[in-house]
Amino acid sequence: MKEKINKTNAARILDREKINYRLLSYPVDEQDLGAAHIAQTLGLPIEQLFKTLVLQGDKTGHFVCVVPGAEEVDLKKAARATGNKKCDLIPQKELLPLTGYIRGGCSPIGMKKPFPTYFHTSIMQHTQVYCSAGMRGLQFCIAPDDLIRAAHGTVVDLTVSEQ
């Protein structure tokens, strides 16, 4: 018998837009909400699992960066790409009131209000990627173009470069 997965707001938006995706559920470990743990739990390559981060710029206000799970957002690159002089991650306590999502379950789709959304360039190297479907324990499997379109996103270089 197949487990019934309740649809999130993000999944309902994809349905409305007639975008193909698959939902994958996994047991949540409250002690480890990191992308590496999720990828390992689901047996996915970490390069295909993307995490959603919410930042605030000094000029443009809030924006969203979606980067590979094992990577760190480069704050200078993110600021430059978004028309800011500087930016920083928002405090965790602001995430739920601002987006409607909690840490470990933040999706780039279906936030309380739309924010400019930027995807790291490496997303285009894959035929399918994984990202939070809007709650802990649930990931989307989706084509990068469809995810970017649904989030009204832009593709830019956002991560710390290897030296």
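Above this text is the structure in question.
Residues numbered from 1 in each chain as written. Predicted model: local features only at pLDDT ≥ 70, side-chain atom pairs only at ≥ 80, totals over all residues. Heavy atoms only, no water.

Asks: Pulling in residues and values, what's your account of the overall build of the protein?
Replies: A count of helical and extended segments in the protein gives 5 helices and 8 strands. When the elements of the protein are put in sequence order from the N terminus, they spell out α-β-α-β-β-α-β-α-β-β-β-α-β. Taken along the three principal axes of its C-alpha coordinates, the protein extends 55 × 35 × 30 Å. Taking all 163 residues of the protein together, 50% fall into the buried category. Taken as a whole, the protein presents about 9000 Å² of accessible surface, with 50% of it coming from carbon and sulfur. Of note, the protein has its 20 positive side-chain charges centred 7 Å away from the centre of its 17 negative side-chain charges. (Helix = DSSP H or I, 4+ residues; strand = E, 2+ residues; numbered from the N terminus. Buried < 20%, exposed > 50% of the residue type's maximum accessible area, 1.4 Å probe, protein only. Areas by Shrake-Rupley, 256 points an atom, 1.4 Å probe, with all protein chains shown as cover. Lys, Arg positive; Asp, Glu negative; His and termini not counted. Charge placed at Lys NZ, Arg CZ, Asp CG, Glu CD.)

Asks: Report on helix 3 (residues 75-82), specifying residues and quantitative values.
Replies: Among all positions of helix 3, only Lys77, Ala78, Ala79 and Thr82 are buried. Backbone nitrogen of Lys76 and a side-chain oxygen of the N-cap are separated by 3.0 Å at the start of helix 3; the cap is Asp74. Gly83 lies just past helix 3 and shows a positive phi near 80 degrees. (Polar contact = N/O pair within 3.5 Å; in protein donor to acceptor, adjacent residues only side chain to side chain.)

Asks: So what's going on with the environment of Gly110? Residues and values would help.
Replies: Among the structural elements, Gly110 can be located in the loop between helix 4 (92-99) and strand 5 (117-120). Measuring from C-alpha to C-alpha, the distance between Gly110 and Ala11 comes to 8.5 Å, with 99 residues separating the pair along the chain. Other than its neighbours up to four places away in sequence, Gly110 contacts Asn9, Ile13, Thr99 and Tyr101. (Contact = heavy atoms within 4.5 Å.)

Asks: How would you explain the state of the cysteines if you had to name every residue and give the values?
Replies: Within the structure shown, the criterion is met by 0 disulfides. Here Cys131 stays free of any disulfide, with the sulfur of Cys106 as its closest cysteine sulfur at 9.8 Å. Owing to a relative accessible area of 0%, Cys131 belongs among the buried residues under this scheme. (Disulfide = S-S within 2.5 Å.)

Asks: Tell me about the pattern of salt bridges, and name the residues and values.
Replies: Side chains that carry opposite charge are capable of pairing whenever their charged atoms lie near each other. Taken as a whole and judged by the stated rule, the model has 4 salt bridges. Residues Asp157 and Lys77 are paired through a salt bridge, measuring 3.0 Å at the closest nitrogen-oxygen approach. In this pair, Asp157 sits in the segment after strand 8 (153-156) while Lys77 sits in helix 3, placing the two residues 80 residues apart along the sequence. The exposure class of Asp157 is partly exposed, given its relative accessible area of 38%. Between Asp146 and Arg149 there is a salt bridge; the shortest N-O distance is 3.4 Å. Taken as a pair, Asp146 and Arg149 lie in helix 5 (residues 144-150) at a separation of 3 residues, close to a single helical turn. (Salt bridge = Lys/Arg side-chain N within 4 Å of Asp/Glu carboxyl O.)

Asks: Can you tell me about the pairing of strand 2 (residues 49-57), naming the residues and giving the values?
Replies: Counting buried positions along strand 2 gives 7 out of 9 residues, so the element sits mostly inside the fold. Relative to strand 6 (residues 129-135), strand 2 runs parallel, the two sharing 2 bridges. Within the sheet, the bridge partner assigned to Leu49 lies in strand 6 and is Tyr130. Between the end of strand 2 and the start of strand 3 (residues 61-68), which pair antiparallel, lie 3 residues. (Pairing = 2+ DSSP bridges.)

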